[in-house]
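This is what each chain is made of:
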Amino acid sequence: MNRTPQPALDKMRISKMNSFLDRRTFMRLSSACAVLLSQKLHPQTKSTVLPLIDKSIVKNRKNLVGIQIRAYAWHDEGIDRLLDLVQEKGDVNTMLAYTFSYSREDARMKKSNPIPLPDHGSYGDPNEKFVGGAFYDYDPKFFQNTVLKDFRSPDFGGKVNVISDVAAKVKARGMDYFAWDFNNADPMMMRAIPNAEEVSEIDVYGRRTACPCWNNPDYRAFLIGKVETYLIQYADEVDGIMWGCERMGPLENMIGGGWETKGISCFCPYCRQKARERGISVERAQAGYQRLDQLFNAAAKDQRPSDGYFVSFWRLLLEYPEILAWNMLWYDSYHEVRSELYSTAKTLAPAKPFGFHIMHATSLNPFYRATEDWSKTKNYADFVKLANYNNAAGPRMQRTLDSMSGTIFHDAAPEDILPLYYKIMNYHEAPYDQLHIAGLSPDYVTEETKRAISGVQGQTKIYPAIDIDVPTKPTDHRTKPEDVRQAVRAAMGAGADGVVLSREYVEMWIANIAAAGDTLREIFAKSTT
């Protein structure tokens, strides 16, 4: 059932969503968000500067070494054994525990899964239908103002609580416990959560998608409710929060290259109202995206327009500037959500780090990179984790080039695009046909780390992700201990404040975890002499 938006929906009912807070806390949060959300919104003019945030009190751990742990890993390997392994082998001091995520049905390690089981862990039941959701218990009061109320994971009988079961053992070892709130869009979420369809995006053709809309007030209240749960209900257990979502706006979705979701969206009533307040014609935006869809469909069939693909693409942008305006509306809304979550966290627990997972597309897709401006992100992040997986980046870069060559640059082959692409991205890597075998060099890790450090100007901690067995095809480059050592040295040598061993613990071979730990100990020892 669609709801008719009210005139003040861009403020997203801040007062209602915090009705259980004391008056002083509520007023602090309202003041912080009012400056951000009450002003007239225009493309590329939105400020993300938040008042009342004093980052000097944030308790950031020096030389952070994090690792991401799927909920089922605790169950499969045992909490104590897992903690002992990552601390002894990887020198890990911060556990980034998946507290919320939805996965496709093959997310767990199975013999039929293309991702091989490493030398730890166990295969899941081949008949098991892993769902996902919240792997913790929560008080319904935090979700009284959203239709999304029932999202407790049914996995393991709904009895696994990765916060209360794990956090005390983490702290007993002198490590920190971070809630890893992962909000990727997945059809499983739409099937599993009652009323989820009510918050989903609507595409340019009027169809519901599997992606929640950033401007839907029920979805924003749901996201805020989770942050409040971590920092109020689990105040003694949770030392910090990492929040993430790997999605792109409508234009980047159409160009593709990985991380795209199905649907050219969003054109729901909330987004339409927000567009009209910005002076964007909804009808012309729809017409422009439909014309662009026709062009890219023609490219997929090699039906070349008389003026070629890029000229035709550029002509559509000139004829329909609403295409870019609507794309920016999507990204502005996404960044509003991130800044609102940060403001909520800082009001409730100003000393606890709150940061973001920044997806790999930021360092591979120049169009997506333009939407992630470090000089703005620094205003609402205590830290960012950069997904700079250099080994997996080789085949992923190929995929990005293939997608650009299949859409806006269909006049040229990927090999033709590569020299200009390298100049745009400031990379010096392998030829196109060798990327999947070579991966990207440690120089890629160095350059991306330095770029982020320069952008945040000392206001946000930078934690590059170290590629440890991030899945690739059997014919692609596979991680070796020396790859890990070089990536760690590149990140720390570039000035990183720490690293996150990535992507997933359940995918990592112990020798590669140990290579990271040994290298980090050497680096940290030298820094104290």
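Residues numbered from 1 in each chain as written. Predicted model: local features only at pLDDT ≥ 70, side-chain atom pairs only at ≥ 80, totals over all residues. Heavy atoms only, no water.

Visitor: Before we go on, may I ask you to explain the pattern of salt bridges in this structure?
Guide: Between side chains of opposite charge, a pair can form when the charged atoms approach closely. One pass over the full model with this rule turns up 27 salt bridges. A salt bridge links Arg220 to Glu336, with the shortest nitrogen-to-oxygen separation between them at 3.0 Å. Of the two residues, Arg220 is situated in helix 7 (residues 217-233) and Glu336 in helix 12 (residues 322-348); the sequence distance between them amounts to 116 residues. One exposure class covers both Arg220 and Glu336, and it is buried. Salt-bridge contacts for Lys346 lead to Asp382; the nearest nitrogen and oxygen are separated by 2.7 Å. With a gap of 36 residues between them, Lys346 in helix 12 and Asp382 in the loop between helix 14 (374-377) and strand 9 (383-386) connect regions that are remote in the sequence. Within this structure, Asp80, Asp84, Lys169 and Arg173 form a network of salt bridges that share partners. (Salt bridge = Lys/Arg side-chain N within 4 Å of Asp/Glu carboxyl O. Helix = DSSP H or I, 4+ residues; strand = E, 2+ residues; numbered from the N terminus. Buried < 20%, exposed > 50% of the residue type's maximum accessible area, 1.4 Å probe, protein only.)

Visitor: Just checking my understanding: could you explain the side chain of Arg247 for this structure?
Guide: With respect to the secondary-structure elements, Arg247 resides in the loop between strand 7 (240-244) and helix 8 (250-255). Judged by relative accessible area, Arg247 falls into the buried class, the value being 1%. Engagement of the side chain of Arg247 in a polar contact is seen with the side chain of Glu201, the distance being 2.9 Å. The contacts of Arg247, once residues within four sequence positions are left out, are Ala185, Glu201, Cys211, Pro212, Trp214, Trp259, Thr261, Trp330, Met359 and Tyr368. (Polar contact = N/O pair within 3.5 Å; in protein donor to acceptor, adjacent residues only side chain to side chain. Contact = heavy atoms within 4.5 Å.)

Visitor: Looking at this structure, how should I read the packing of helix 19 (residues 481-493) against helix 20 (residues 510-527)?
Guide: Two quantities define a packed helix pair, namely the angle between the helix axes and the distance between the axes. At a closest axis distance of 8 Å, the pairing of helix 19 and helix 20 adopts a crossing angle of 35 degrees. For the element pair helix 19 and helix 20, the recorded crossing hand is right-handed. Of helix 20, the residues touching helix 19 (which contributes Pro481, Val484, Arg485, Val488, Arg489 and Met492) are Ala511, Asn512, Ala515, Ala516, Thr519, Leu520, Glu522, Ile523 and Phe524. Residue composition of the contact of helix 19 with helix 20, grouped by class: 10 nonpolar, 2 polar and 3 charged. (Axes fitted to C-alpha atoms, helices over the stretch in contact; angles between N-to-C directions. Left-handed = near helix turned anticlockwise from the far one by under 90°. Nonpolar A, V, L, I, M, F, W, Y, C, P; charged D, E, K, R; others polar.)

Visitor: Could you clarify how one ought to interpret the packing of helix 4 (residues 79-90) against helix 20 in this entry?
Guide: It is at 7 Å that the axes of helix 4 and helix 20 come closest, and there the two elements cross at 50 degrees. Taken together, helix 4 and helix 20 sit at an angle that is classed as oblique. Where helix 4 abuts helix 20, its residues Leu85, Gln87, Glu88, Lys89 and Gly90 lie against Ile510, Ile513, Ala514, Gly517, Asp518, Leu520 and Arg521. Of the residues belonging to the contact of helix 4 with helix 20, the class tally is 5 nonpolar, 3 polar and 4 charged. (Parallel < 35°, antiparallel > 145°, perpendicular 65-115°, else oblique.)

Visitor: Hey, could you run me through the packing of aromatic side chains in this one?
Guide: The tally for this structure, following the rule as stated, stands at 39 aromatic pairs. With centroids separated by 6.1 Å and ring planes inclined at 65 degrees, the aromatic side chains of Phe130 and Phe156 adopt a geometry described as edge-to-face. Of this pair, Phe130 sits in the loop between strand 2 (94-102) and strand 3 (132-134) while Phe156 sits in the loop between strand 3 and helix 5 (167-172), and the two are 26 residues apart along the sequence. With centroids separated by 6.3 Å and ring planes inclined at 20 degrees, the aromatic side chains of Phe296 and Phe313 adopt a geometry described as stacked. On the criterion of sequence distance, the pair formed by Phe296 in helix 10 (residues 282-300) and Phe313 in helix 11 (residues 309-319) is long-range, its members being 17 residues apart. An identical accessibility class is assigned to Phe296 and Phe313; each is buried. One residue, Arg338, lies across the ring of Phe356, its end atom 5.1 Å from the ring centre. Lying across the ring of Trp259, Arg399 places its NZ or CZ 5.6 Å from the centre. (Phe/Tyr/Trp six-rings, centres within 6.5 Å; stacked < 30°, edge-to-face > 60°. Lys NZ or Arg CZ within 6 Å of the ring centre and 35° of its normal.)

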